[in-house]
Protein chains: 2
Amino acid sequence: MVRQGFGALLDAQGDMTVVGSAADGSEVVDLVRKARPDVVLMDIRMPRVNGLDATRAVFAMPGDLHPKVIMLTTFDADEYVFAALQAGASGFLLKDASAEDLAGAVRVVAGGEALLAPSITQKLIADYVSRPTVRTPDVTVLGTLTDRELDVMRLVATGRSNAELAAELFLSEQTIKTHVSRILAKLGLRDRTQIVVTAYESGLVSAGGA
Amino acid sequence: MVRQGFGALLDAQGDMTVVGSAADGSEVVDLVRKARPDVVLMDIRMPRVNGLDATRAVFAMPGDLHPKVIMLTTFDADEYVFAALQAGASGFLLKDASAEDLAGAVRVVAGGEALLAPSITQKLIADYVSRPTVRTPDVTVLGTLTDRELDVMRLVATGRSNAELAAELFLSEQTIKTHVSRILAKLGLRDRTQIVVTAYESGLVSAGGA
DNA sequence: CCGGTCGTCACCCGGGCGGGTGAACCTGGG
DNA sequence: CCCAGGTTCACCCGCCCGGGTGACGACCGG
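On a predicted model such as this, the values are computed, not experimentally measured, just so you know.

**Q** Before we go on, may I ask you to explain the relation of the copies chain A and chain B in this structure?
**A** Each of the two chain copies can be brought onto the other by rotation about an axis and movement along it. After a rotation of 180° and a shift along the axis of 0.1 Å, chain A superposes on chain B with an RMSD of 1.2 Å. On the angle and the small slide along the axis, the relation comes out as a two-fold axis. Across chain A, the rotation axis passes nearest the C-alpha of Thr193(A), at a separation of 2.1 Å. Counting the interface residues of chain A, we find that 100% of their copies in chain B are interface residues as well, pointing to one common contact surface.

Written as structure tokens, this is what we have:
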């Protein structure tokens, strides 16, 4: 019923056409493959395969042009917001949205932009600003290091021994020791554990290995 | 001119009243203190004091109820978005927004929620998902460690030597060595640099010291 | 052409680190 | 009551690490 209501609503807009409708998450991927829509309205809660997994499946499809996905939810369960956005969703609306909101959202995401319900925007911002700033490697501290020294520093920051670094870089262990010594001297550090700390704190490497 | 246009526009809405208008950022704080508005529309670019600093100043005012702030910008300069949100802004609109958009945004933020221009939402999401998830310390790995061992591990992760840890915790250096050895054994690690890496990667400690 | 920087490597030495073993004390639970 | 686990500490040993010094080739800029 809800699906049909939305479908009729959107079809009536004139500048968009409903090309299909799926009863649960497992049908979504097939339908997307066949109908090639520009935008998918995805319910978070669906029988069998939920909206999150269905979204991931849609973006895992071969081929490079995936449809935009707008998630729909009855209440703003913030724990799903991040997962949905991570999965590739471009929008997040509550089901109490008006017809104009819905149609507007479809137009926005079709245009490559994104749109979130205000209550979700508010939560997202709160979460966003609470996170540590993405560090661009600190030039003031690391600027004096040569490229090679930065290479070595990155590897030291993985917890490897000098011998392992030597093997990794096809160098003599002595060369590694020289580089490490230079790094310590230039940065005013004492031992390799402080190199690891500095590498993380400066943003040269970051948790998660990304 | 632009200010007057916006003012007239919003006054005409019926459910809101323009209580003041400032020529530059330095006037904003005074005006907010006197007029006590619910919502402030803030231009990013203003003579003398820019919108960012003015926003910070508004939220730095004594007293706990600050007005909501919507930032206005002519083009979506993403480098300011994070700073503005950090400063306390609840909204971010481009100046090409329609009158309804503007009035709607005022209502949304007045209601305690937030609203961003679609192009900015899109950038925010892209940035948001690219950030490492806020880690809650990984229980699966660290669960076998005792409280004391976790204490030691946190300190090891600051780059301190055993002797320094001993002084810090009022213990003998030997005790520290025992704890460190146990940590290494329990976590299957080799040396203290790997402890540092594990501490960061598991979220036991995180960059920025937060 | 030559001085400086960078990257590579070698030898030596001292010290901190990590491993092993053993032991004391305390607390809590069978 | 005694055993188990956590915390503390001691002694010994082997070794990797870090510091110092010196050297060689490559490259670049004056």
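Structure's up, so let's keep going.
**Q** I keep staring at the interface of chain A and chain B and nothing clicks. Help me out?
**A** Accessible area lost during the coming together of the parts is what is often quoted as the interface size. Taken together, the 43 residues of chain A in the interface contact 43 residues of chain B. For the pair chain A and chain B, the two sides together bury roughly 3700 Å², of which 63% comes from carbon and sulfur. For the chain A face of the interface with chain B, the top three residues by lost area are Tyr128(A), Arg131(A) and Tyr200(A), together amounting to 19%. At the junction of chain A with chain B, the criterion picks out 2 salt bridges. Residue Glu164(A) pairs with Arg190(B) through a salt bridge whose shortest N-O separation is 2.8 Å. Contributions of two or more residues to the side of chain A that touches chain B are made by helix H4 (78-87), strand E4 (115-116), helix H6 (118-130) and helix H11 (192-202) of chain A. With 9 residues, H6(A) is the largest single contributor of residues to the side of chain A that touches chain B.

**Q** What's the story with the protein's contact with DNA strand C in this structure? I'm lost.
**A** Around DNA strand C sit 20 residues in total, of which Thr146(A), Ser172(A), Gln174(A), Thr175(A) and Arg192(B) are the nearest. For DNA strand C, the backbone makes up 67% of the atoms found within 4 Å of the protein, where backbone means sugar plus phosphate. One nitrogen or oxygen atom from the side chain of Lys177(B) is found 3.0 Å from a base oxygen belonging to DNA strand C. In the model, a phosphate oxygen of DNA strand C is placed 2.8 Å from a nitrogen or oxygen of the Arg192(B) main chain. Mapped onto the surface near DNA strand C, the elements with two or more residues apiece are helix H10 (173-187) of chain A together with helix H10 (173-187) of chain B. Tallying contributions element by element places H10(B) first for the surface near DNA strand C, with 6 residues.

**Q** What am I meant to see in the sheet that holds E4(A) here?
**A** Strand pairing in a sheet relies on backbone hydrogen bonds. The paired strands run either parallel or antiparallel. Residues and elements named next belong to chain A. Spatial ordering of the open sheet is given by E1-E2-E3-E4, a layout of 4 strands whose pairing is parallel. Edge strands, defined here as strands with exactly one partner in the open sheet, are strand E1 (39-43) and E4. Where E1 and strand E2 (residues 68-73) come together, 5 bridges link them in parallel fashion. Pairing of methionine 42 across the sheet is with methionine 71, part of E2.

**Q** Explain the sheet that holds strand E4 (residues 115-116) of chain B here, please?
**A** All names here are of chain B. On the basis of which strands lie adjacent, the open sheet formed by 4 strands has the order E1-E2-E3-E4 and parallel pairing. Edge strands, defined here as strands with exactly one partner in the open sheet, are strand E1 (39-43) and E4. Direction of pairing for strand E3 (residues 91-94) relative to E4: parallel, over a ladder of 2 bridges. Bridging from a neighbouring strand, phenylalanine 92 pairs with leucine 116 of E4.

**Q** Just checking my understanding: could you explain the protein's contact with DNA strand D for this structure?
**A** Around DNA strand D lies a shell of 20 residues, among which Arg192(A), Thr146(B), Ser172(B), Thr175(B) and His179(B) are the nearest. Protein-adjacent atoms of DNA strand D, using a 4 Å cutoff, are sugar or phosphate at a proportion of 66%. Here a base oxygen of DNA strand D sits 2.9 Å away from a polar atom, N or O, in the side chain of Lys177(A). For DNA strand D, a phosphate oxygen lies 2.6 Å from a polar atom in the backbone of Ser172(B). Looking at the surface near DNA strand D, the elements with two or more residues in it are H10 of chain A together with H10 of chain B. Grouping the constituent residues of the surface near DNA strand D by class yields 3 nonpolar, 10 polar and 7 charged.

About the cut-offs
Residues numbered from 1 in each chain as written. Chains lettered and ligands numbered in written order. Predicted model: local features only at pLDDT ≥ 70, side-chain atom pairs only at ≥ 80, totals over all residues. Heavy atoms only, no water. Least-squares fit on C-alpha atoms with pLDDT ≥ 70 in both. Contact = heavy atoms within 4.5 Å. Buried area = accessible area lost by both parts, 1.4 Å probe. Salt bridge = Lys/Arg side-chain N within 4 Å of Asp/Glu carboxyl O. Helix = DSSP H or I, 4+ residues; strand = E, 2+ residues; numbered from the N terminus. Near = heavy atom within 4 Å. Polar contact = N/O pair within 3.5 Å; in protein donor to acceptor, adjacent residues only side chain to side chain. Pairing = 2+ DSSP bridges. Nonpolar A, V, L, I, M, F, W, Y, C, P; charged D, E, K, R; others polar.

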